[in-house]
Amino acid sequence: MAKSSSLNVRVVEGRALPAKDVSGSSDPYCIVKVDDEVVARTATVWKSLSPFWGEEYTVHLPLDFHHLAFYVLDEDTVGHDDIIGKISLSREAIAADPRGIDSWINLNRVDPDAEVQGEVYLAVQMQEDPQGRFLRCHVLKARDLAPRDISGTSDPFARVFWGSRSSETSIIKKTRFPHWDEVLELREAPGAPSPLRVELWDWDMVGKDDFLGMVEFPPKVLQQSPPNGWFRLLPFPGAEEGSGGSLGALRLKVRLIEDRVLPSRCYQPLLQLLAESALGSAEEDISSPLAVLEELTLGDCRQDLATKLVKLYFGQGLTGPFLDYLTRRELARTTDPNTLFRSNSLASKSMEQFMKLVGMPYLHEVLKPVISRVFEEKKYIELDPCKMDLSRTKRLSFKGTSSEEHVREASLGLLTGYLRPIVDAIVGSVGRCPPAMRLAFKQLHRRVGERFPQAEHEDVKYLAISGFLFLRFFAPAILTPKLFDLRDQHADPQTSRSLLLLAKAVQSLGNLGQQLGQGKELWMAPLHPFLLQSISRVRDFLDELVDVEGEAAGGPAKALVPPSVTVREGYLLKRKEEVPASLATCFAFKKRYFWLSGETLSYSKSPEWQTRSSIPVSHIRAVERVEEGAFQLPHVMQVVTQDGSGTQHTTYLQCKNVNDLNQWLSALRKASAPNPDKLASCHAGAFRSSRWTCCLQAERSAAGCSRTHSAVTLGDWRDPLDPDAETQVVYRQLLLGRDQLRMKFLEDYNMDTSPEEDAGKDPSSVGGACPETLDRQREAAGRLLEVLEDLDRAHEDFQWQEQGKGAPGPLGP
């Protein structure tokens, strides 16, 4: 059994931010931190005081995390970025509501006394001699302290208070990982028992010392169980003050998901029911797990559940039957074909998540070349006369200024110049579309044709496919390429407008031109001839797409990405293995192209280079950040490996920015997650000039001074399948509908009644079903309730075992 903890974080938007630039605006971005670890950075939104980010992250966490923080900064081309404000959410505040947080929250000022991080190791003893009681406080060391000096380090010392007595350790300069190993003795002062307070400070030669954090222990703790171990540093009480909204606000969505995942055998009965549900009748089903889930889930929970269900059925090789089940239910309740799949139903969300799960490499291959061109060329494109800036083109009319017609002609040429290769790439991509997607579309095409066979509804089976592929996959990726990993940054306003026009055109193609010339956007009319010419090509593409052999089923899938497939690649700067002391840091790092798969981390001079060096992923023992002071370089990480002889090696790699660093850290940690003998600690610096730059220890073999963070990873579509965790989420959702299910089938009807008595009842009370159908539904509901009760008991048994009380009943093997 294992416990899991993850955060779903969405940084939606900001409002009323203060202007930090002389232009009267700001260039805001947001940094997301879990405890002391930066886990994400949004893109910069240029020249905006009300930025929209819309960026979403799933962060897998250690079970002992304490708080989540959001920092808003203004990006500056020259000098340091300006801090606008921060929001700090404690674990308790996030967990208070199971639905999470979804609200506007005011930014607070960043107070240095509240910006504390790290831990201190203390061993306290209460002793007595003829002179009275005294306290021995052994201050051993600290780690991950906040950098207070411009060098990125601090000069820490500890100050210990007990009543009216106090004492200090020595100052250790230029480190965030000090080792004091000093014992401070304090005599008890007359009066009532006093708490022990240990404060850490950064010594400054000029000006006042900077606060680094504190811990405090009440007298009762000192008497009964004197502190001995690592303790998290806390700010001064009340150090963080509100700004009254003067710094603006962020709209955030945050939800903490914590659960206990049982052994696989406990979930087998529920998995069996889920499989039977997907393979069974859909139209009359109101009591199977899928029917209950579809009725219960709403909003964001529906999208989360759709992702889990798609992965769960994908792992069992039942994605096709699962999507077909939801399609049949959607079709059964749809009377107007124009509304088919237009809502965010479980069917729509599941197909959407399925395309992202299996089709992201395909999406990148089709769209990335043209999207990159749009970003790089930064052309001005506008067809709407109300938004035209006539000064943006150099072509002049006879009156000496650009005419509206000239701007429209130039924009139309540029727009079709981007749109044509997009259409060519899409209609020519049949062979590159994942077979699983093609089979799912074939099945959808057939079901819709059976439901709406009339000649006037001939287009509906095409629109069902294009509605998903064009409107829910290609068009959103064109509109917001960063959210689909097509770009590292959001588009500037001009490029964003070009992307919006391209996305509208792709949407029109997805609608097969049915709405051209309608609505308010008649200014798109100059593009209509090109779109109408392309629609026949789109129809041919859809026909080819569904012309595929086989059915949408198959055997169990072990992984979304096979171990030999590259999951991440790109240029990194790698430090040479042996670097002479006289060699400048900038020459010690060489540019290399890296590939990461589930088996190896390999690299060469360039992507085309034939000779590669490689590091087996199975040798990786830790993947961690390196503090900037180690090489005077930002965004450096270390990969610590252990060879067959037990010798450790460290490879230092520099990434291009903080997001690149986070993504490589996450990918390497997930790839090496199954490895045994992972390191609990390592050095946050490098061994240079005969000592570690982080903790100043002179022995290369000295124990690591910083905790490792192997549990902190970012979720994405490449994550390994985890059927136990996915089934646990489904179980939790089903619990919400258990009472409703019991009332509908087991309390309104006596299970012992005869068929004759059933026949006399009003069948409309449960969907108007006949007695035979009601019997099947009651039987299915009874099985589901029984399975949920068994899982309840299993959770209770394991909870008793954890608490050391012994299980109330034996668990099966």
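Rules behind the numbers
Residues numbered from 1 in each chain as written. Predicted model: local features only at pLDDT ≥ 70, side-chain atom pairs only at ≥ 80, totals over all residues. Heavy atoms only, no water. Helix = DSSP H or I, 4+ residues; strand = E, 2+ residues; numbered from the N terminus. Buried < 20%, exposed > 50% of the residue type's maximum accessible area, 1.4 Å probe, protein only. Contact = heavy atoms within 4.5 Å. Salt bridge = Lys/Arg side-chain N within 4 Å of Asp/Glu carboxyl O. Pairing = 2+ DSSP bridges. Axes fitted to C-alpha atoms, helices over the stretch in contact; angles between N-to-C directions. Phe/Tyr/Trp six-rings, centres within 6.5 Å; stacked < 30°, edge-to-face > 60°. Lys NZ or Arg CZ within 6 Å of the ring centre and 35° of its normal. Patch = residues over 30% accessible without salt bridge, like charges linked within 9 Å, V, L, I, M, F, W, Y side chains within 5 Å. Areas by Shrake-Rupley, 256 points an atom, 1.4 Å probe, with all protein chains shown as cover. Lys, Arg positive; Asp, Glu negative; His and termini not counted. Charge placed at Lys NZ, Arg CZ, Asp CG, Glu CD. Bend = angle between axes of the 7 residues up to and from the residue. Core = buried A, V, L, I, M, F, W, Y, C linked by side-chain atoms within 4.5 Å. Parallel < 35°, antiparallel > 145°, perpendicular 65-115°, else oblique. Left-handed = near helix turned anticlockwise from the far one by under 90°. Nonpolar A, V, L, I, M, F, W, Y, C, P; charged D, E, K, R; others polar. Disulfide = S-S within 2.5 Å. pLDDT = per-residue confidence, 0-100. Expected span 1.5 Å × (residues − 1). Polar contact = N/O pair within 3.5 Å; in protein donor to acceptor, adjacent residues only side chain to side chain.

A. Expanded view of the overall build of the chain. When its secondary structure is counted, the chain shows 18 helices and 28 strands. For the chain, the residues scored as buried account for 49% of the 813 residues in total. Pairs at least 24 apart in sequence give 69% of the contacts found in the chain among residues at least 6 apart.

B. View of the pattern of salt bridges. Within this structure, the stated rule accounts for 47 salt bridges. A salt bridge links Arg669 to Glu37; the nearest nitrogen and oxygen atoms lie 3.4 Å apart. A residue pair is termed long-range when its members are at least 10 positions apart, and Arg669 in helix H14 (residues 658-671) and Glu37 in strand E3 (residues 37-41) qualify at 632 residues. Each member of the pair Arg669 and Glu37 is classed as buried. Across the pair Glu521 and Lys504 runs a salt bridge whose closest N-O atoms are separated by 2.6 Å. Residue Glu521 is found in the loop between helix H11 (493-510) and helix H12 (528-546), and its partner Lys504 is found in helix H11; the two are separated by 17 residues along the sequence. Here the salt bridges do not stand alone but share partners, grouping Asp324, Arg328, Arg446, Arg447 and Glu450 into one network.

C. Representation of the sheet that holds strand E15 (residues 228-232) in the model. Strand order in the open sheet formed by four strands is E12-E9-E8-E15, with antiparallel pairing between adjacent strands. Among the strands making up the open sheet, the edge pair consists of strand E12 (179-187) and E15. Across this sheet, the average inter-strand angle for adjacent strands is 25°, counted without regard to direction. Bridge count for strand E8 (residues 119-129) against E15 is five bridges, and the pairing is antiparallel. Each residue of the ladder has a partner; that of Val120, found in E15, is Phe231.

D. Layout of the packing of aromatic side chains. Under the defined criterion, the tally for this structure stands at 17 aromatic pairs. Aromatic side chains Phe589 and Phe631 sit 5.3 Å apart centroid to centroid with 80° between the ring planes, which places their arrangement in the edge-to-face category. Note that Phe589 is positioned in strand E18 (residues 589-596) and Phe631 in the loop between strand E21 (620-626) and strand E22 (636-642), a separation of 42 residues in sequence. An identical accessibility class is assigned to Phe589 and Phe631; each is buried. Seen in terms of ring centroids, Tyr593 and Trp595 are 4.9 Å apart; in terms of plane orientation they differ by 65°. Their pairing is edge-to-face. We classify Trp595 as buried; its relative accessible area is 8%. Over the ring of Trp230 we find Arg143, and its NZ or CZ is 3.7 Å from the ring centre. When the ring centre of Tyr462 is taken as origin, the NZ or CZ atom of Arg539, which lies over that ring, is 5.5 Å away.

E. A look at the sheet that holds strand E13 (residues 196-202). Here we have four strands laid out as an open sheet, ordered E11-E10-E13-E14, and antiparallel in their pairing. The open sheet has two edge strands, strand E11 (165-168) and strand E14 (210-217), and neither has a second partner. Going across the sheet, the axis of each strand differs from the next one's by a mean of 20°, ignoring polarity. Sheet topology places E13 next to E14; seven bridges connect them, and they run antiparallel. In the sheet register, Asp202 faces E14, and the bridge partner there is Asp210.

F. Spotlight on a negative patch on the surface. The grouping of Asp540, Asp543, Glu544, Asp547 and Glu549 at the surface amounts to a negative patch. A relative accessible area of 73% places Glu549 in the exposed class.

G. Spatial organisation of helix H10 (residues 460-479). Largest kink in H10: about 35°, centred on Ser466. The buried fraction of H10 amounts to 18 of the 20 residues, a majority that puts the element mostly inside the structure.

H. View of the nonpolar core. Counting residues in each nonpolar core, the largest one holds 114 residues, and the members touching the most others are Met437, Phe441, Phe470, Phe474 and Phe541. Top element by residues in this core is helix H7 (residues 346-377). It accounts for 16 residues. Not counting chain neighbours up to four residues away, the residues in contact with Phe470 comprise Ile426, Ala475, Pro476, Val506, Leu509, Gly510, Val538 and Phe541. Val9, Val11, Val32 and Val39 belong to the second-largest nonpolar core, a separate cluster that totals 32 residues.

I. Local environment of the environment of Val221. Along the chain, Val221 falls in helix H2 (residues 219-224). Relative accessible area serves as the criterion here: at 30%, Val221 is assigned to the partly exposed category.

J. The pairing of E18, seen in detail. Across eight bridges, the pairing between strand E17 (residues 568-575) and E18 is antiparallel. Opposite Leu572, over in E18, you have Arg592 as the bridge partner. Count of turn residues in the E18/strand E19 (residues 600-604) antiparallel hairpin: three residues.

K. Examining the packing of helix H6 (residues 319-332) against H7 more closely. Look at H6 against H7: their axes get within 9 Å of each other, and the N-to-C directions meet at 150°. By the angle class used here, H6 and H7 are roughly antiparallel. Relative to H7, H6 is oriented so that their crossing is left-handed. Contacts between H6 and H7 involve Thr319, Phe322, Leu323, Leu326 and Glu330 from the former and Leu346, Ala347, Ser350, Met351 and Phe354 from the latter. Along the lines of polarity and charge, the residues of the contact of H6 with H7 split into seven nonpolar, two polar and one charged.

L. Main features of the pairing of E19. Of all five residues that make up E19, four are buried, and the element is covered over most of its length. Where E18 meets E19, four bridges bridge the pair, whose relative direction is antiparallel. Residue pairing across strands places Tyr593 opposite Ser604, the latter belonging to E19.

M. Representation of the state of the cysteines. Scanning the entire structure with this criterion turns up zero disulfides. Looking at the unpaired Cys705, the closest cysteine sulfur is the one in Cys694, lying at 3.4 Å.

N. Region of interest: unusual backbone geometry. Its identity as a non-glycine residue notwithstanding, Lys174 has a phi of 55°, on the positive side. Among the structural elements, Lys174 can be located in the loop between E11 and E12.

O. Looking closely at the environment of Asp719. Relative to the assigned elements, Asp719 resides in the loop between strand E28 (713-714) and helix H15 (723-736). With a relative accessible area of 9%, Asp719 lands in the buried category.

P. Just the confidence of the model for the chain, in detail. Looking at the chain, pLDDT values average 86 and 89% of them are 70 or higher. Within the model, pLDDT remains below 50 along residues 395-400, and this stretch shows eight contacts once partners closer than five positions in the same chain are excluded. Confidence over residues 749-767 falls short of pLDDT 50; this stretch has 22 contacts with residues more than four positions distant or in other chains.

Q. Representation of H6. With 14 residues, H6 should cover 20 Å at 1.5 Å per step; its first-to-last C-alpha distance of 20 Å lies within 8% of that length. The element H6 is largely enclosed, with a buried count of 13 among its 14 residues.

R. Highlighting the packing of H10 against H11. At a minimum axis separation of 8 Å, H10 and H11 run at an interaxial angle of 175°. Considering their axes alone, H10 and H11 lie roughly antiparallel with respect to each other. From H10, Leu463, Ser466, Gly467, Phe470, Leu471, Phe474, Ala475, Ile478 and Leu479 reach across to H11, where they touch Leu499, Leu500, Leu502, Ala503, Val506, Gln507, Leu509 and Gly510. Residues belonging to the contact of H10 with H11 are distributed by class as follows: 13 nonpolar, four polar and no charged.

S. Seen up close, the side chain of Arg255. Mapping Arg255 onto the fold places it in strand E16 (residues 249-261). By relative accessible area, which is 17% here, Arg255 ends up buried. Within the structure, Arg255 has its side chain in polar contact with the side chain of Asp304 (distance 2.2 Å). When neighbours within four sequence positions are excluded, Arg255 is seen to be in contact with Ser6, Leu7, Asn8, Ile94, Pro98, Arg99, Gly100 and Asp304.

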